[in-house]
Amino acid sequence: MPMIDADGCLLNVSVEGRDGGPTLMLSNPLGTTLAVWEPQMAVLTRFFRVIRYDRRGHGKSGTPPGPYSIADFGRDALAILDDLNIAHTHWCGLSIGGAVGQWLAANAPGRIDRLVLADTTCHVPDPAPWQARFKTVTEKGIDAIADGVMAGWFTEEFRDREPQTVSRISTMLTSNPVAGYAASCGALIGLDLRDALPRIKAQTLVIAGRYDTSSPLQMAATIRAGIPGASLTILEAAHLSNVEAPYGFNEALTGFLTQR
């Protein structure tokens, strides 16, 4: 896996899949590493050259001082594409990765082919929960929020049925550097991409989990309405729909990206 320098921050990047195929870049939820996409890789690598990476402050990537912004994350993605000499790519971002996708499609439209925005938001109207999370993580560590995060990421039924999967994702969350996670929370305090949505020209699919409480269906509908011609798919899942409903997620994603 190459380490790519994005303005002094080394980013851990993985490139797999079909040589010469169309490129697809995957962008992770807050608090996860590129391993969060494992349920997608067997299918996606048949069709695409797939780029995964650890966001700054996460996994094996560097943790420069924060707070970070969505624009920082967007520029990191462009640095990866530039380093790999890739002119344009499909983009699938989940949660904060979807916010990064909105920023890119509005601010670097020539680099994004088709855009998939999963379980994400365009606006955080109340900064208080993120300010509280920043405080908790800084004072007590990521372990202090792990159970609450898992309760938001997965339905109770899935947590009961797949405890090993939930445990693996929880360990992924808590293994991130505290400073990096806290700095990334800063990107969600005051986030507002509503004005960017009408500027997005990429063909767009919005994926939403029916039981997602952090990015509810109402938010998915707002994003779909804001982006000209966007479509919406609803999956029977909570926030991490790619893990809880992988078959439906993979079908929606590959169907959208490969349709003529």
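In this text the structure is predicted, and so the values were computed from the model without any measurement. (Residues numbered from 1 in each chain as written. Predicted model: local features only at pLDDT ≥ 70, side-chain atom pairs only at ≥ 80, totals over all residues. Heavy atoms only, no water.)

**Re the pattern of salt bridges**
So, point 1. What the rule picks out here adds up to nine salt bridges.
So, point 2. Its salt-bridge partner being arginine 52, residue glutamate 38 comes within 3.0 Å of it at the nearest N-O pair. A residue pair is termed long-range when its members are at least 10 positions apart, and glutamate 38 in helix α1 (residues 38-47) and arginine 52 in strand β4 (residues 49-53) qualify at 14 residues.
So, point 3. Measuring nitrogen to oxygen at the nearest pair gives 2.9 Å for the salt bridge that ties aspartate 82 to arginine 111. Of this pair, aspartate 82 sits in helix α2 (residues 70-83) while arginine 111 sits in the loop between α3 (96-107) and β6 (112-118), and the two are 29 residues apart along the sequence.
So, point 4. Beyond isolated ion pairs, a larger network of salt bridges with shared partners links Glu16, Glu38 and Arg52. (Salt bridge = Lys/Arg side-chain N within 4 Å of Asp/Glu carboxyl O. Helix = DSSP H or I, 4+ residues; strand = E, 2+ residues; numbered from the N terminus.)

**Some words on the side chain of serine 14**
So, point 1. Within the secondary structure layout, serine 14 lies in strand β2 (residues 9-17).
So, point 2. Of note is the side chain of serine 14, whose polar atom sits 3.0 Å from the side chain of glutamate 16.
So, point 3. When near neighbours in sequence (up to four residues on either side) are disregarded, serine 14 contacts Met1, Leu34, Val50, Ile51 and Arg52. (Polar contact = N/O pair within 3.5 Å; in protein donor to acceptor, adjacent residues only side chain to side chain. Contact = heavy atoms within 4.5 Å.)

**Considerations on the environment of isoleucine 234**
So, point 1. As for its placement among the helices and strands, isoleucine 234 is situated in strand β8 (residues 231-235).
So, point 2. For isoleucine 234, a relative accessible area of 35% puts it in the partly exposed group.
So, point 3. Taking the C-alpha atoms as reference, isoleucine 234 lies 9.2 Å from glycine 248; in sequence the two are 14 residues apart.
So, point 4. In contact with isoleucine 234, other than residues within four places in its own chain, are Ala208, Arg210 and Leu217. (Buried < 20%, exposed > 50% of the residue type's maximum accessible area, 1.4 Å probe, protein only.)

**Some remarks on the packing of α1 against helix α11 (residues 246-258)**
Packed helices, taken two at a time, are described by their axes: the angle between them and the distance between them.
So, point 1. Axis separation between α1 and α11 bottoms out at 10 Å; the angle between their running directions is 20°. The orientation of α1 relative to α11 falls into the category roughly parallel. Crossing handedness for the pair α1 and α11: right-handed. Together, Pro39, Gln40, Val43, Leu44 and Phe47 of α1 and Pro246, Phe249, Asn250, Leu253, Thr254 and Thr258 of α11 make up the contact between the two elements. (Axes fitted to C-alpha atoms, helices over the stretch in contact; angles between N-to-C directions. Parallel < 35°, antiparallel > 145°, perpendicular 65-115°, else oblique. Left-handed = near helix turned anticlockwise from the far one by under 90°.)

**Digging into the packing of aromatic side chains**
So, point 1. Under the counting rule described, the total for this entry stands at four aromatic pairs.
So, point 2. A centroid spacing of 6.3 Å and a plane angle of 50° characterise the contact between tryptophan 37 and phenylalanine 249, whose relative ring orientation is tilted. Here the residue tryptophan 37 occupies a position in the loop between β3 (23-27) and α1, and phenylalanine 249 occupies one in helix α11, the gap between them amounting to 212 residues.
So, point 3. Relative accessible area serves as the criterion here: at 0%, phenylalanine 249 is assigned to the buried category.
So, point 4. When the ring of tyrosine 68 is compared with that of phenylalanine 73, the centres are 5.9 Å apart and the planes differ by 75°; the resulting orientation is edge-to-face. As far as the burial class goes, tyrosine 68 and phenylalanine 73 line up, both buried.
So, point 5. Lying over the aromatic face of phenylalanine 256, arginine 114 brings its terminal NZ or CZ to 5.9 Å of the ring centre. (Phe/Tyr/Trp six-rings, centres within 6.5 Å; stacked < 30°, edge-to-face > 60°. Lys NZ or Arg CZ within 6 Å of the ring centre and 35° of its normal.)

Read these as layout, nothing more, since geometry by itself doesn't imply function.
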